[in-house]
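# Breakdown of the fold
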Amino acid sequence: SSPHLRTYAERALQHKNPAAKLLLETIERKKSNLAVSVDVASAKDFLAIIDVVGPFVCLIKTHIDIIHDFTPSLITDLQALSVKHDFVIFEDRKFADIGNTVALQYSSGVHKIASWSHITNAHPVPGPSIISGLSSVGLPLGRGLLLLAEMSTKGSLASGSYTEAAVQMAREHRNFVIGFIAQRRMDGIGTTPDESIPDEDFLILTPGVGLDVSGDGMGQQYRTPRQVVLDSGCDVIIVGRGIYGKDPSLVEAISAQAQRYRDDGWAAYLARIKP
Ligand code: S5P
């Protein structure tokens with residue numbers, strides 16, 4: 001059956017990539033397919049939000065280059081929170097360069113992403129060499145890569161044959177590419193029905209999720225957890241401003257929003273796997 005009709009627990013048993021396995025196991029253990037994207041500029045707000053939403057998430061998504069007062073100790077603190085609350089870490093770096101350059105960007109610089117982020121992502125635009133470059137660093141560390149097969153923004157160029165080519169690229173590197181940033185399932189895309197690939201199980205992590213507004217006035221487009229998980233078959237909802245809003249100090253509001261999205265995402269999953 002199509003992966004999205006199986007439970008997260010069943011899929012965890014099948015997956016060979018350690019980061020994919022960890023994510024699926026964490027989702028099942030915490031009964032949460034919610035990822036929170038923490039796009040704030042101060043280290044203090046960043047850690048405070050993560051500590052509040054931590055109990056309700058399977059994964060925390062970071063843009064570490066947004067933090068204006070970054071120091072290496074922030075990573076130690078982030079890792080401590082990931083142990084305390086049991087979540088996976090995904091640095092949303094969106095690599096997009098030649099293999100040699102992305103390998104250096106992934107391993108080095110101020111942020112040393114590969115040393116702490118279980119999952120990262122890349123644009124497929126340079127072709128397969130971007131995967132080779134990143135996997136030369138990430139595979140020995142047990143990391144996983146998501147390709148951006150689609151985007152949530154109005155007018156996105158990642159559609160049609162570009163999306164198909166991204167899926168084909170992923171199929172050639174299934175030990176390291178664990179899935180996609182996309183708006184729907186990618187199963188069998190680019191194949192004819194008679195050449196379906198039996199044990200293909202790409203994880204679909206989906207941003208552009210919001211319950212209260214349909215966009216942000218800067219091209220972002222939002223759908224509900226139910227549309228994303230039940231109607232489109234995606235595996236993880238990624239929510240940013242819908243949860244932490246405009247004021248990171250409103251701890252109770254943030255906690256309530258995280259629970260609300262967690263509950264909606266899980267209800268949509270239960271409705272999906274119901275025989
Ligand atoms: O297509 C995409 C891909 C990504 S990774 N659309 C997105 O919005 N994202 C990221 O998800 C984006 O960089 C941001 O960190 C998050 C969405 O944030 P929100 O506040 O709009 O929920």
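Residues numbered from 1 in each chain as written. Predicted model: local features only at pLDDT ≥ 70, side-chain atom pairs only at ≥ 80, totals over all residues.

## Observations concerning the overall build of the protein chain
Put simply, the rule reads: Counting from the N terminus, the helices are DSSP H or I runs at least four residues long and the strands are E runs at least two residues long. This radius of gyration counts C-alpha atoms alone. The globule rule is 2.2 Å times how many residues there are, raised to the power 0.38. The burial criterion counts other C-beta atoms lying within 10 Å of a residue's C-beta, which is placed from the backbone; the residue is buried at 20 or more, exposed at 12 or fewer, and partly exposed between these limits. Throughout, a pair of residues is in contact if the C-beta atoms placed from their backbones lie within 7 Å.
Secondary structure summary: the protein chain contains 10 helices and eight strands in total. Rg of the C-alpha trace for the protein chain: 17 Å, near the compact-globule value of 19 Å for 275 residues, within the 12% margin. Projected onto its principal axes, the C-alpha coordinates of the protein chain cover approximately 55 × 45 × 40 Å. Within the span of the protein chain, comprising 275 residues, buried residues form 43% of the whole. Partitioning the contacts of the protein chain with sequence separation of at least 6, the portion at a separation of at least 24 is 73%.

## Considerations on the sheet that holds strand E3 (residues 88-95)
For clarity, the cut-off: Any two strands with at least two DSSP bridges between them are considered paired. With axes taken as lines fitted to C-alpha atoms, and helix axes fitted only over the stretch in contact, angles between N-to-C directions fall between 0 and 180 degrees.
Around the barrel, which closes on itself, the eight strands sit in the order E1-E2-E3-E4-E5-E6-E7-E8 with parallel pairing between neighbours. Adjacent strand axes in the sheet meet at a mean angle of 30°, parallel and antiparallel pairs treated alike. In the packing of helix H6 (residues 129-138) onto the sheet, the strands contacted are E3, strand E4 (119-122), strand E5 (144-148) and strand E6 (177-181), and the crossing angle to E5 comes to about 160°. Each of strand E1 (34-38) and strand E8 (236-239) touches helix H10 (residues 251-273); the most contacted strand, E1, lies at about 145° to it.

## Digging into the nonpolar core
Put simply, the rule is: Only buried Ala, Val, Leu, Ile, Met, Phe, Trp, Tyr and Cys residues enter a nonpolar core, and they are joined through C-beta atoms within 7 Å.
Counting 73 residues, the largest nonpolar core has Ala-35 and Val-57 as its most contacted members. Sequence-distant contacts of Ala-35, defined by excluding residues within four places in its chain, comprise Val-57, Cys-58, Leu-59, Lys-61, Phe-90, Leu-205, Val-236, Ile-237 and Ile-238.

## Section: the site of the ligand
Where we set the bar: In this analysis a residue is considered near a molecule or strand if the C-beta atom, reconstructed from its backbone, is found within 6 Å of that molecule or strand. Here the term charged refers only to Asp, Glu, Lys and Arg, the term nonpolar to Ala, Val, Leu, Ile, Met, Phe, Trp, Tyr, Cys and Pro, and the term polar to all other amino acids, Gly among them.
Surrounding the ligand, one finds 17 residues, the nearest of these being Met-151, Ser-152, Pro-207, Gly-240 and Arg-241. Only E8 and helix H9 (241-244) provide two or more residues apiece to the shell around the ligand. Taken together, the residues of the shell around the ligand break down into five nonpolar, eight polar and four charged.

## Looking at the UniProt feature "active site" (unreviewed entry) in the protein chain
Threshold: UniProt positions are given in the numbering used here, feature names are shortened, and annotations may be inferred rather than shown by experiment.
The residues that UniProt annotates with the feature "active site" (unreviewed entry) are Asp-92, Lys-94 and Asp-97. With 22 C-beta atoms counted inside 10 Å, the residue Asp-92 sits in the buried group. Tracing the backbone through its elements, the reader meets Asp-97 in the loop between E3 and helix H5 (99-107).

## Thoughts on the environment of Arg-226
Looking at where Arg-226 falls in the secondary structure, it is placed in helix H8 (residues 225-231). Along the primary structure Arg-226 and Ala-19 are separated by 207 residues, whereas in three dimensions their C-alpha atoms are 25 Å apart.

## A closer look at the pairing of E3
Note the cut-off: The definition of a right-handed crossover adopted here requires that, viewed with the strands pointing away, the path from the first strand over the helix to the second runs clockwise.
Within E3, seven of the eight residues are buried, leaving the element largely enclosed by the surrounding structure. Direction of pairing for strand E2 (residues 59-62) relative to E3: parallel, over a ladder of four bridges. Bridge pairing in E3 places Ile-60 opposite Ile-89. Note that the unit made of E2, helix H4 (residues 72-85) and E3 has a crossover that is right-handed. The sheet contact formed by E3 and E4 spans three bridges and is parallel. Along E4, the bridge assignment pairs Phe-95 with Ala-122. With respect to chirality, the unit in which E3 leads through H5 into the neighbouring parallel E4 is right-handed.

## A look at helix H7 (residues 161-171)
A turn of α-helix holds 3.6 residues, and therefore any two residues three or four places apart point the same way. Put simply, the rule is: The reported arc concerns the directions from the helix axis to the C-beta atoms and nothing else.
Regarding H7, the residues found buried are Thr-163, Ala-166, Val-167 and Ala-170. An end-on view of H7 places all buried positions within 95° of arc, on one side of the element. Of the surrounding secondary structure, the elements contacted by the buried residues of H7 are E5 and E6.

## A word on the packing of helix H3 (residues 43-53) against H10
Stated precisely, the cut-off is as follows: In these notes the angle categories are as follows: under 35 degrees is roughly parallel, over 145 is roughly antiparallel, 65 to 115 is roughly perpendicular, and the rest is oblique. Crossings are assigned a handedness: left-handed for a near helix turned anticlockwise from the far helix by less than a right angle, right-handed for a clockwise turn.
Between H3 and H10, whose axes approach to 9 Å, the crossing angle comes to 50°. As summarised for this structure, H3 and H10 are arranged oblique, according to the angle between their axes. Judged by the sense of rotation from one axis to the other, the crossing of H3 with H10 is right-handed. Touching Ile-49, Val-52 and Val-53 of H3 are Val-251, Ile-254, Ser-255 and Ala-258, all from H10. Class assignment for the residues of the contact of H3 with H10 results in six nonpolar, one polar and no charged.

## A short note on the environment of Asp-187
Relative to the helices and strands, Asp-187 resides in the loop between E6 and strand E7 (203-206). For Asp-187, a count of 17 C-beta atoms within 10 Å gives the class partly exposed. A sequence separation of 185 residues divides Asp-187 from Ser-2, and the C-alpha atoms of the two residues are 7.5 Å apart.

## Brief notes about unusual backbone geometry
Phi is positive for Asp-86, which is not a glycine, with a value near 65°. You can see Asp-86 is positioned in the loop between H4 and E3. You can call Asp-86 partly exposed: it has 16 C-beta atoms within 10 Å. Even without glycine at this site, Lys-112 takes up a positive phi of about 45°. With respect to the secondary-structure elements, Lys-112 resides in the loop between H5 and E4.

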